[in-house]
Amino acid sequence: MESSPAGCISQGKPLDMKTGQLTARDIVAMKHAGHRIAALTAYDYTSAQMLDAAGVPLILIGDSLGMVVQGEDTTLPVTLDQIIYHSRCVARGTRRALLVADMPFMTYQASPEDALRNAARLLTEGRAGAVKVEGGTDIAPTVRRMVSAGIPVCGHLGFTPQSAHALGAPRIQGREPSDAVSLVADAKALELAGAFAIVLELVPAVVAREVSQRIAIPTIGIGSGPGCDGEIQLFHDLFGLYTDFLPRHTRRYLNVAQEISTAARQYTADVIARRFPGPEQTSDLGPQAQDKFRSLLECPENSQTTQ
Ligand code: KIV
């Protein structure tokens with residue numbers, strides 16, 4: 001298989017020459033061209049701009065924002081309105097990446113009608129190009145309904161954080177051979193329902209590789225080894241902004257939290273010692289205007305005559 005982006009043809013154009021917004025079809029085309037998919041989460045305009053400029057092809061507005069932005073213990077308290085708000089912010093900072101917005105807990109599980117209505121809001125108000133839902137065979141009919149309404153859907157299997165109360169703390173799923181076989185069946189069901197990609201979270205590497213080989217749509221792993229068609233990580237984990245804990249599946253490429261706290265200490269010391277703001281950060285009146293200003297302060301009645 002070809003591994004360079006130049007070899008990746010989507011809708012008649014090599015992907016690296018495509019200037020417009022990428023679509024779910026482009027992401028599928030990347031798998032078929034053997035081009036791995038490096039995806040990241042983003043929750044705001046500034047980080048989205050950086051990722052988009054770096055060429056990240058898929059940005060997820062994940063409900064992980066519950067933890068890394070809101071400081072909650074799980075993703076469950078995140079609401080649809082919050083994802084819409086963050087998705088809009090990310091959309092303003094993005095020109096090329098496909099934006100996938102997470103459907104929060106209970107915005108799609110109760111009925112396909114709920115799912116359609118809520119997914120539509122993520123596309124229209126949130127300006128996302130696709131949505132993501134957790135679950136396999138159980139959710140496949142809902143995925144099918146959304147896809148036939150023109151909504152690209154990404155699945156999510158393995159550890160599904162919205163089931164944290166049922167599954168417990170994040171840990172590898174599908175260790176039992178029979179569970180691993182169910183996972184393969186779930187992936188197949190999502191593919192048949194029309195999903196364009198599947199996130200595989202905390203799945204044993206051999207199982208993730210097998211799933212990736214058995215379906216034509218890309219798998220995007222997180223803690224599932226190198227056999228997936230792509231990888232997704234949380235912005236705050238990868239760049240060292242979230243320090244409550246470091247999941248084993250993450251590699252810190254930066255330690256931004258440490259740099260910010262050093263800089264914040266320096267800033268505080270500079271303000272206290274009057275080293276900041278300095279002349280470069282300050283604008284002032286010229287000498288004549290200053291004289292006039294002072295004389296007016298002393299004799300305010302002159303202000304009528306000088307106007
Ligand atoms: O919400 C999120 O960030 C996610 C990732 C773990 C894939 O679903």
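Residues numbered from 1 in each chain as written. Predicted model: local features only at pLDDT ≥ 70, side-chain atom pairs only at ≥ 80, totals over all residues.

Counting through the fold element by element, E201 comes out in strand β8 (residues 197-201). For the pair E201 and E231, spaced 30 residues apart in sequence, the C-alpha to C-alpha distance is 9.9 Å. Non-local contacts of E201, meaning those with residues more than four positions away in its chain, are made with H156, G158, F159, I222, G223 and S224. (Helix = DSSP H or I, 4+ residues; strand = E, 2+ residues; numbered from the N terminus. Contact = placed C-beta atoms within 7 Å.)

Another aspect to go through is the site of the ligand. Around the ligand, the structure places T41, L60, G62, D63, S64, D102, H156, V199, E201, I222, I232 and L234. Taken together, the residues of the shell around the ligand break down into five nonpolar, four polar and three charged. (Near = placed C-beta within 6 Å. Nonpolar A, V, L, I, M, F, W, Y, C, P; charged D, E, K, R; others polar.)

Each regular strand carries side chains that alternate between the two faces of the sheet. Most of strand β7 (residues 153-158) is tucked away: six of the six residues are buried. The two faces of β7 match: V153, G155 and L157 on one face and C154, H156 and G158 on the other face are all buried. Where strand β6 (residues 130-132) meets β7, two bridges bridge the pair, whose relative direction is parallel. Looking across to β7, one finds that K132 is bridged to C154. Handedness of the crossover joining β6 and β7 through helix α6 (residues 140-148): right-handed. Relative to β8, β7 runs parallel, the two being bridged by five bridges. Residue G158 lies in a different strand from β8, and its bridge partner there is E201. (Buried ≥ 20, exposed ≤ 12 C-beta atoms within 10 Å, placed from the backbone. Pairing = 2+ DSSP bridges. Right-handed = clockwise from strand over helix to strand, strands pointing away.)

By the alternation rule, side chains of strand β4 (residues 58-61) split into L58 and L60 and I59 and I61, which are all buried. Note that the unit made of strand β3 (residues 37-41), helix α2 (residues 45-53) and β4 has a crossover that is right-handed. With four bridges joining them, β4 and strand β5 (residues 98-102) adopt parallel strand pairing. From the neighbouring strand, I61 faces β5, where its bridge partner is A101.

Across its 13 residues, helix α5 (residues 112-124) extends 18 Å between first and last C-alpha, which sits within 8% of the 18 Å expected from 1.5 Å per residue. Those residues of α5 that fall on the buried side of the exposure criterion are A115, A119, R121 and L122. Across the axial projection of α5, the buried residues extend over an arc of 150°, all falling on one side. Opposite the packed face of α5, turned more than 90 degrees from it, sit the exposed residues E113 and T124. Of the surrounding elements, those touching the buried residues of α5 are α4 (80-92), β5, β6 and α6. (Expected span 1.5 Å × (residues − 1). Arc of directions from axis to C-beta.)

Looking at soluble globular proteins, one finds that nonpolar side chains tend to be buried together. Of all hydrophobic cores here, the largest spans 72 residues; its most connected members are I59 and V131. In terms of residue count, the dominant contributor to this core is α4 (six residues). Apart from the residues within four sequence positions on either side, I59 is in contact with L40, A42, A48, L51, V90, T94, A97 and L99. (Core = buried A, V, L, I, M, F, W, Y, C linked by C-beta atoms within 7 Å.)

The linkage connecting F276 with the following residue, P277, adopts the cis geometry, with an omega of 0°. With respect to the element layout, P277 can be found in the loop between α11 (256-272) and α12 (287-298). Even without being glycine, L202 reaches a positive phi, approximately 50°. Considering the arrangement of structural elements, one finds L202 in the loop between β8 and α9 (205-214). On the basis of neighbour count, L202 is assigned to the buried category, with 23 C-beta atoms found within 10 Å. Unusually for a residue other than glycine, R274 sits at a positive phi of about 60°. Exposure remark for R274: the 8 C-beta atoms within 10 Å place this residue in the exposed category.

In spatial order, the strands read β3-β4-β5-β6-β7-β8-β9-β10; together these eight strands close into a barrel with parallel pairing. Each strand of the sheet is rotated relative to its neighbour by a mean of 25°, with strand direction disregarded. Its contacts with the sheet place α9 against β8 and β9 (219-222), and it is angled at close to 165° to β9. (Axes fitted to C-alpha atoms, helices over the stretch in contact; angles between N-to-C directions.)

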